[in-house]
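Reading the structure
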Protein chains: 2
Amino acid sequence: MEFHYPNGKKFSPKNKTVKKAQEKSFSHGKRGMTLEEDLNETNDYYVETGKAVIHKKPVPVQIVTVDYPKRSAAVIKEAYFKQASTTDYNGVYNGYYIDFEAKETRNRTSFPLQNFHQHQLDHMQQVTKQSGIAFVIIRFSMTEEIYLLPYERLQYFWERMQSGGRKSMKKEEIEESGYFIPLGLQPRIDYLKIIDHLLEELLKERN
Amino acid sequence: MEFHYPNGKKFSPKNKTVKKAQEKSFSHGKRGMTLEEDLNETNDYYVETGKAVIHKKPVPVQIVTVDYPKRSAAVIKEAYFKQASTTDYNGVYNGYYIDFEAKETRNRTSFPLQNFHQHQLDHMQQVTKQSGIAFVIIRFSMTEEIYLLPYERLQYFWERMQSGGRKSMKKEEIEESGYFIPLGLQPRIDYLKIIDHLLEELLKERN
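The shown structure was predicted, so the numbers you read here are calculated from the model rather than taken from an experiment.

Re the pairing of strand β6 (residues 96-105) of chain A
Where a strand is regular, its side chains alternate between the two sheet faces. Residue and element names in this part refer to chain A. Burial analysis of β6 places nine of its ten residues in the buried class, which makes it a mostly covered element. Where strand β5 (residues 89-93) lies against β6, five bridges are found, and the strand directions are antiparallel. From the neighbouring strand, Tyr-93 faces β6, where its bridge partner is Tyr-96. Linking β5 to β6, which pair antiparallel, is a turn of two residues; within it Asn-94 sits at a positive phi near 50°. Note that β6 and strand β8 (residues 133-140) share eight bridges and pair parallel. Across the sheet, the residue bridging to Lys-103 is Ile-138, located in β8.

So this is what it looks like as structure tokens:
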């Protein structure tokens, strides 16, 4: 349980000595910083403007030892990263339950499915069954291209892998199945615009 | 930021030496254990039976130092408890966004409002504006009585306090404004039954 980063990658202990760093660099490693920061800024903007209430969940940590020094804050002295049992982001938008995971890759032509985990797929399926809106936001970091991929599409590629198919989604496949999100100034990653579009499509289907 | 427990109480450093303990005992202190465990069991039951997807968020921790030992898990060597910026539980139930905080008291005749924080009230208000369902679950631990109190009722008592009124809710007030949840075997705390009732009331109002 505790020896994987939230992104499912094993730690590469390049530096065996004790490191000082900010919290953010632990949550997804260096690669994840920009996407996470942009999404946090976006979510802050949504909250401030009253558009939605969506937050990133804290990084799950298994606490083992805590020190209670006199007259100062309790210090956690031993703890381990735990794998998250759900996705990283959730909240509410105009009555709709929103739930997503955000990942990026340095690959240019495909997106590795190992960025996701079975239990996250299971969680997104449960959410979908409860009429929540589940998706992933993926970023090709070399070209700064961001896509929203609804859960059902991810599920298709996931099942293809499980039945012996490729372990990644081709970039063309993502372009076809997903929705490109242009980078903006404020909000940085306006994914709710895509959700509006998906909801409109859903309404059309029903009529 | 980092020198309060999630329940807003200062640490009482009774034991100045390093303590070993399970994660749960840190999240709300000893008092909160039973309610949290019962709610986790309840939420597990809801997920397993496909009734809802509601989870407790991880305890927010500010990580300062991480050690990367050779061939074993990364160890967090210095970290601090942060105050949560939202409520502890959220998820989706049959298309509805659910958001709540759970607290208990050893008092017998009233429930101290200091168990909650302004930013949690703000969060619940934002959720309500987005048509989410926000509430608190409170427990009188000496008598094992549990109540669900919708956000709007809590807000009333909160504002009464802010305008100079009492700093707690009388038990009679909770009995009148809230909904008693009888302890069950499975699920332990069937709060969704109360939500069903509230949704029915809401529908009646609209017709």
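Structure shown, so let's carry the discussion forward.
A closer look at the nonpolar core
Counting residues in each nonpolar core, the largest one holds 43 residues, and the members touching the most others are Phe-116, Leu-154 and Met-169 of chain A together with Phe-116, Leu-154 and Met-169 of chain B. Per element, the largest residue contribution to this core is five residues, and it comes from helix α4 (residues 151-162) of chain A. Not counting chain neighbours up to four residues away, the residues in contact with Phe-116 of chain A comprise Glu-101, Lys-103, Phe-111, Leu-121, Val-136, Ile-138, Leu-154, Trp-158 and Met-169 of chain A.

Digging into the UniProt feature "site: Transition state stabilizer" (unreviewed entry) in chain A
Following the UniProt record, one finds the feature "site: Transition state stabilizer" (unreviewed entry) at Lys-103 of chain A. Accessibility expressed as a relative area gives 3% for Lys-103 of chain A, which makes it buried.

Some points on the pairing of strand β3 (residues 61-67) of chain B
All names here are of chain B. With five of seven residues buried, β3 lies mostly within the body of the structure. Pairing analysis gives six bridges linking β3 to strand β4 (residues 75-81), with the strands arranged antiparallel. Considered in β4, the bridge of Val-61 is made with Phe-81.

Let's talk about the sheet that holds strand β8 (residues 133-140) of chain B
Residues and elements named next belong to chain B. Spatial strand order, β2-β5-β6-β8-β9-β11: six strands in an open sheet with mixed pairing. Every other strand in the sheet has two partners, leaving β2 (53-56) and β11 (179-181) as the edge strands with one partner each. Shown here is a sheet whose adjacent strand axes are inclined to one another by a mean of 25°, direction ignored. With six bridges connecting them, β8 and strand β9 (residues 145-150) associate as antiparallel partners. The residue of β9 that forms the bridge with Arg-139 is Ile-146. Lying on the sheet, helix α3 (residues 118-129) is in contact with β6 (96-105) and β8; it crosses β8 at an angle near 140°.

A short note on the packing of aromatic side chains
A ring pair, where both rings are aromatic, is described by two values, the distance of the centres and the angle of the planes. A complete count under the given rule lists 23 aromatic pairs over all chains for this structure. Here the aromatic rings of Tyr-45 of chain A and Tyr-46 of chain A are separated by 6.5 Å at their centres, their planes lie at 55°, and the arrangement is tilted. With 5.5 Å between their ring centres and 65° between their planes, Tyr-147 of chain B and Phe-180 of chain B make a pair best called edge-to-face. Of this pair, Tyr-147 of chain B sits in strand β9 while Phe-180 of chain B sits in strand β11, placing them 33 residues apart in sequence. Given the relative accessible area of 4%, Tyr-147 of chain B is considered buried. Judged by relative accessible area, which is 43%, Phe-180 of chain B ranks as partly exposed. Connected via pairs of aromatic rings, a cluster forms that spans Tyr-45, Tyr-46, Tyr-89, Phe-100, Phe-135 and Tyr-191 of chain A. Sitting over the face of the ring of Phe-140 of chain B, Lys-171 of chain B holds its NZ or CZ atom 5.1 Å from the ring centroid.

Some points on the pattern of salt bridges
With the rule as written, the count across this model stands at 15 salt bridges over all chains. We note a salt bridge from Glu-101 of chain B to Lys-103 of chain B, for which the minimum N-O separation is 3.5 Å. Neither residue differs from the other here; Glu-101 of chain B and Lys-103 of chain B are each classed as buried. Glu-145 of chain B is the partner of Lys-171 of chain B in a salt bridge, and the nearest nitrogen-oxygen pair spans 2.5 Å. Within this pair, whereas Lys-171 of chain B is found in helix α5 (residues 171-177), its partner Glu-145 of chain B is found in strand β9, the two being separated by 26 residues in sequence. Comparing Lys-171 of chain B with Glu-145 of chain B shows no difference in burial state: the two are buried. Taken together, the shared-partner salt bridges connect Glu-104, Arg-139 and Glu-144 of chain A into one network.

Some points on helix α4 (residues 151-162) of chain B
Residues and elements named next belong to chain B. Across its twelve residues, α4 extends 16 Å between first and last C-alpha, which sits within 8% of the 16 Å expected from 1.5 Å per residue. Within α4, burial applies to Tyr-151, Leu-154, Gln-155, Phe-157, Trp-158 and Arg-160. Phi for Gly-164, located one or two positions after α4, is positive at around 95°.

The rules behind the values
Residues numbered from 1 in each chain as written. Chains lettered and ligands numbered in written order. Predicted model: local features only at pLDDT ≥ 70, side-chain atom pairs only at ≥ 80, totals over all residues. Heavy atoms only, no water. Buried < 20%, exposed > 50% of the residue type's maximum accessible area, 1.4 Å probe, protein only. Helix = DSSP H or I, 4+ residues; strand = E, 2+ residues; numbered from the N terminus. Pairing = 2+ DSSP bridges. Core = buried A, V, L, I, M, F, W, Y, C linked by side-chain atoms within 4.5 Å. Contact = heavy atoms within 4.5 Å. UniProt positions renumbered as here; feature names shortened; annotations may be inferred. Axes fitted to C-alpha atoms, helices over the stretch in contact; angles between N-to-C directions. Phe/Tyr/Trp six-rings, centres within 6.5 Å; stacked < 30°, edge-to-face > 60°. Lys NZ or Arg CZ within 6 Å of the ring centre and 35° of its normal. Salt bridge = Lys/Arg side-chain N within 4 Å of Asp/Glu carboxyl O. Expected span 1.5 Å × (residues − 1).

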